[in-house]
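In case you want the letters, here they are:
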Amino acid sequence: MDGRNFDLKEEIRDYWSRRSRTFDLAFGHRIPAGPEADAWQRPIRDLLGPAPKRVLELACGTGEVTRLIHDLGHDVTALDFSEAMLAVARAKHAGKTRLRFLLADAENTLEPDQSYDAIICRHLVWTLTRPEETFREWFRLLCPGGRLLVFDGDWATPKFTGRVAGLLISLIDRIIGPDTNYDGAMSERHAAIMNALPFGAGLRPATIEPLLASAGFRDIALHSHGPIARAQRRNANLRNRLRTFVYRRFILTCRRS
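Once a new chain begins, its residue numbering starts again from 1 and follows that chain's sequence as written. In keeping with the predicted nature of the model, local features appear solely for residues at pLDDT of at least 70, side-chain atom pairs appear and are counted solely at 80 or more, and the whole-chain, interface and lining totals rest on all residues. Excluding hydrogens and water, the side-chain figures rest on all heavy atoms present in the structure.

## Describing the nonpolar core
Here is step 1: Here, the term nonpolar core denotes a set of buried Ala, Val, Leu, Ile, Met, Phe, Trp, Tyr and Cys residues that are joined through side-chain atoms within 4.5 Å. Relative accessibility decides the category of a residue: with a 1.4 Å probe and only protein chains considered, values under 20% of the type maximum give buried, values over 50% give exposed, and everything between is partly exposed. Ranked by internal contacts, the top residues of the largest apolar core, which has 39 residues, are Leu-58, Val-125, Trp-138 and Phe-217.
Here is step 2: Strands are runs of DSSP state E lasting at least 2 residues, helices are runs of H or I lasting at least 4, and numbering of each runs from the N terminus. Among the secondary structure elements, those contributing two or more residues to this core are α1 (6-18), β1 (54-58), β4 (116-122), α5 (131-141), β5 (142-154), α7 (187-196), α8 (205-215) and β7 (248-256).
Here is step 3: Core analysis: the second largest hydrophobic core is formed by 25 residues, Ala-37, Val-65, Val-76 and Phe-101 among them.

## Regarding the pattern of salt bridges
Here is step 1: What makes a salt bridge here is a side-chain nitrogen of Lys or Arg within 4 Å of a carboxyl oxygen of Asp or Glu, nothing more. Considering all chains together, one arrives at 19 salt bridges under this definition.
Here is step 2: As a salt-bridge pair, Glu-107 and Lys-9 come within 3.0 Å of each other at their nearest N and O atoms. Remark: Lys-9 occurs in helix α1 and Glu-107 occurs in the loop between β3 (99-103) and β4; sequence separation between them is 98 residues. For the pair shown, Glu-107 and Lys-9 are each scored as buried.
Here is step 3: With its nearest N and O atoms 3.2 Å apart, the salt bridge here joins Arg-54 to Asp-117. Of this pair, Arg-54 sits in strand β1 while Asp-117 sits in strand β4, and the two are 63 residues apart along the sequence.
Here is step 4: Arg-54 gets classed as partly exposed once you look at its relative accessible area, which sits at 36%.
Here is step 5: One salt-bridge network, held together by shared partners, links Lys-9, Asp-105, Glu-107 and Arg-130.

## Considering helix α2 (residues 35-48)
Here is step 1: To estimate the expected span of a helix, count its residues, drop one, and scale the result by 1.5 Å. Compared with the 20 Å implied by 1.5 Å per residue over 14 residues, the 20 Å span of α2 between its first and last C-alpha is a close match.
Here is step 2: Bend, at a single residue, is the angle you get between axes fitted to the 7 residues ending at that residue and the 7 residues starting at it. By the largest-angle criterion, Gln-41 marks the main kink of α2, which is about 30°, and a proline, Pro-43, follows within four residues.
Here is step 3: Taken together, the buried positions of α2 are Glu-36, Ala-37, Ala-39, Trp-40, Gln-41, Pro-43, Ile-44, Leu-47 and Leu-48.
Here is step 4: Only heavy atoms matter for contacts: two residues are in contact if any of them lie within 4.5 Å across the pair. On its buried face, α2 sits against β1, α3 (64-71), β4, β5, α9 (226-234) and β7.
Here is step 5: Among the residues trailing α2, Gly-49 stands out with phi positive, at a value near 75°.

What follows is the structure, encoded as structure tokens:
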């Protein structure tokens, strides 16, 4: 591990490990069956097609996206560098075949060259400490023609309408009390981590597209996160519906030529 980032990486690991037991209680992390699961699964289905693929899921956390990929019939390696998160995921998916859990660093997986047909990650890229090297690592892992699917967003800068939504969320917090399962329960620590990251000031597609191209990826394309946000709002309370309006979220795909 790069010594320059050792303390930061350990802080990131410890932060999410501490959140592992209640992570699925936080809005936006658990993916309920029905319209929301369908909305998350649609880009995965479109990217991978019907034939079984070897898929690497990076930063799998508690295994929510893992389930969506596996249910489509693919062979999944679900990787995370938090043993606490993996423990939750393993228990959730106990007994399943075609599923392997791996304790490793998404920035340096130590997996063999060209060993996967696709890589999928949700809310990981913004946490990368060495994005250029990491994208080259992901390129190395993919077979020729292999696909990368990224779900992420700009978690630092609210949209204009998001600032209004944020004010309303703060008002709700004052009236009925804060949501202790949401990120705000560790907000100071979360903010300190963000400030130390390359994408801490905000992750935008225009920022990572040239880095992906430099790593060798082609056919970089953006897709709307809107269907997922609309599905999340269907059964959410007012505070959580407002949360879907705060930040710019996106889906990005590309391939190894």
